[in-house]
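Given next are the chains, with one letter for each unit.
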Amino acid sequence: MSTAPVEHPEYAGGEESLTLLEEAAQLMERNPGYRVEIIGGILTVTPPPDLPHARVLTDLMLPFLSAGLHGPESQVVQGVGLWLPDGPEDYAIPDLSVVNADIDEHLIEFNCYDPAAFRLVLEVTSSNYNNDLRAKAAAYAQARVPVYVIVNRKHQRLHVLTDPAGGTYDSHRVLAAGELATLPDSLGAKVTLDVGELLATGRPQPRKKAVPPASEETS
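Residues numbered from 1 in each chain as written. Predicted model: local features only at pLDDT ≥ 70, side-chain atom pairs only at ≥ 80, totals over all residues. Heavy atoms only, no water.

### A short note on the sheet that holds strand E4 (residues 74-78)
Pairing in this open sheet of 6 strands is mixed, and the strands run E4-E7-E10-E11-E12-E13 from one edge to the other. Of all strands in the sheet, those bounded by a partner on one side alone are E4 and strand E13 (168-175). Sheet twist, expressed as the mean angle between neighbouring strand axes with direction ignored, is 15°. Taken together, the 5 bridges between strand E10 (residues 118-124) and strand E11 (residues 147-152) define a ladder with parallel strand orientation. Bridging from a neighbouring strand, Glu123 pairs with Ile150 of E11. (Pairing = 2+ DSSP bridges. Helix = DSSP H or I, 4+ residues; strand = E, 2+ residues; numbered from the N terminus. Axes fitted to C-alpha atoms, helices over the stretch in contact; angles between N-to-C directions.)

### Remarks on the nonpolar core
A general trend in soluble globular proteins is that nonpolar side chains are found buried together. Among the nonpolar cores identified, the biggest contains 27 residues, and Leu60, Phe64, Leu120, Leu158 and Leu183 are the most heavily contacted of them. For this core, the secondary structure elements donating two or more residues are helix H2 (51-66), strand E7 (96-100), E10, E11, strand E12 (157-165) and helix H4 (195-202). The element contributing the most residues to this core is H2, with 5 residues. The contacts of Leu60, once residues within four sequence positions are left out, are Leu96, Leu122, Val124, Val151, Leu193 and Leu198. (Core = buried A, V, L, I, M, F, W, Y, C linked by side-chain atoms within 4.5 Å. Buried < 20%, exposed > 50% of the residue type's maximum accessible area, 1.4 Å probe, protein only. Contact = heavy atoms within 4.5 Å.)

### Remarks on the confidence of the model for the protein chain
Note: predicted coordinates in regions of low pLDDT should not be interpreted at a detailed level. This prediction gives the protein chain a mean pLDDT of 89; 87% of its residues lie at or above 70. Between residues 7-13, whose pLDDT stays under 50, and residues either more than four places distant or in other chains, the model counts 12 contacts. (pLDDT = per-residue confidence, 0-100.)

### Focus on the packing of H2 against H4
Each pair of packed helices can be summarised by the angle the axes make with each other and by the distance between the axes. Close contact between H2 and H4 brings their axes to 7 Å; oriented N to C, the two are set at 150°. Here H2 lies roughly antiparallel to H4, going by the angle between them. Each of Pro52, Arg55, Val56, Asp59 and Leu60 in H2 lies in contact with H4, whose residues at this interface are Leu198, Thr201 and Gly202. Looking at the contact of H2 with H4, its residues break down into 4 nonpolar, 2 polar and 2 charged. (Parallel < 35°, antiparallel > 145°, perpendicular 65-115°, else oblique. Nonpolar A, V, L, I, M, F, W, Y, C, P; charged D, E, K, R; others polar.)

### Description of unusual backbone geometry
Positive phi, close to 60°, is recorded for Arg144, a residue that is not glycine. By secondary structure assignment, the location of Arg144 is in the loop between helix H3 (129-142) and E11. Here Asp163, not a glycine, exhibits a phi torsion of approximately 60°, which is positive. Mapped onto the fold, Asp163 is located in strand E12. For Asp163, a relative accessible area of 46% puts it in the partly exposed group.

### Digging into helix H1 (residues 20-30)
Looking only at H1, the buried set comprises Leu20, Leu21, Glu23, Ala24 and Leu27. The buried side chains of H1 occupy one side of the element, clustering within an arc of 155° when seen end-on. Exposed side chains of H1 directed beyond 90 degrees from the buried face belong to Glu29 and Arg30. On its buried side, H1 packs onto strand E2 (35-39), strand E3 (42-46), strand E5 (81-83), strand E6 (91-92) and strand E8 (107-109). (Arc of directions from axis to C-beta.)

### Regarding H2
With 16 residues, H2 extends 23 Å between its outermost C-alpha atoms, agreeing within 8% with the 22 Å of an ideal straight helix rising 1.5 Å per residue. Turning to H2, its buried residues number three or more, namely Pro52, His53, Val56, Leu57, Leu60, Met61 and Phe64. The opening residue of H2 is Asp50, an N-cap whose side-chain oxygen sits 2.9 Å from the backbone nitrogen of His53. Of the residues trailing H2, Gly68 is marked for its positive phi of about 85°. (Expected span 1.5 Å × (residues − 1). Polar contact = N/O pair within 3.5 Å; in protein donor to acceptor, adjacent residues only side chain to side chain.)

### Here's the deal with the packing of aromatic side chains
Here the structure, examined in full by the defined rule, presents 3 aromatic pairs. Considering the side-chain rings of Tyr148 and Tyr169, the 6.4 Å spacing of their centres and the 35° angle between planes classify their relative orientation as tilted. One end of the pair, Tyr148, is in strand E11; the other, Tyr169, is in strand E13, with 21 residues separating them in the sequence. Assigned by exposure class, Tyr148 and Tyr169 land together as buried. Three or more aromatic residues link up through ring pairs in this structure, and these residues are Tyr140, Tyr148 and Tyr169. (Phe/Tyr/Trp six-rings, centres within 6.5 Å; stacked < 30°, edge-to-face > 60°.)

### Comments concerning the pattern of salt bridges
The final tally for this structure, using the stated rule, is 4 salt bridges. One salt bridge connects Arg35 with Asp95, and the closest N-O pair in it is separated by 2.9 Å. With Arg35 in strand E2 and Asp95 in the loop between E6 and E7, the pair connects residues that are 60 residues apart, well separated along the chain. The exposure classification of Arg35 matches that of Asp95, with both residues buried. As a salt-bridge pair, Glu123 and Lys136 come within 2.9 Å of each other at their nearest N and O atoms. You can see Glu123 sitting in strand E10 and its partner Lys136 sitting in helix H3, a full 13 residues away along the chain. Exposure class is identical for Glu123 and Lys136. Each is buried. (Salt bridge = Lys/Arg side-chain N within 4 Å of Asp/Glu carboxyl O.)

Quick look at the structure:
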């Protein structure tokens with residue numbers, strides 16, 4: 001998703017700076033519908049996604065649900081905060097996650113949860129795709145999230161990153177349309193994604209010019 005860095009404001013009078021979490025809370029209050037994250041000590045704000053982004057997220061949920069991953073052992077969720085270990089106030093909000101069913105017991109702070117409760121995180125890119133491909137890949141690997149999937153709408157590819165170690169993922173598969181992505185069994189069920197279908201759903205559609213309603217004739 002597209003992100004933009006935010007400067008650090010100060011309290012009125014300039015006596016005391018806000019913490020990053022305080023800034024994040026203010027930004028969320030002032031910008032309903034926007035996503036605010038702190039990754040690598042940098043606070044970013046993501047505008048609401050476009051419609052194809054939302055569509056591909058819905059399509060992505062279906063194979064996870066069909067595999068039985070939303071049940072007594074695990075859950076499929078959108079927009080749940082993940083507390084990151086690489087900074088004192090860092091956290092991310094993946095587009096989609098597969099989490100352990102007992103995730104409620106692993107709340108850390110700021111409505112974010114221990115990364116140990118996450119089996120998979122998934123991002124669908126928007127304009128600032130480098131954030132998902134680089135900064136978030138490093139952050140999720142540092143948090144030792146077992147599987148990270150990226151729907152790269154910019155380059156029409158699907159990335160499957162696994163085996164986190166030393167702040168990076170040892171395995172990084174890049175798949176194109178016409179291929180199938182079979183995710184690791186560590187999820188708890190077999191999940192296969194049709195890369196071509198997901199990429200097609202996520203493409204922005206050509207904008208059609210709206211036709212104004214015909215005006216009524218006056219006598």
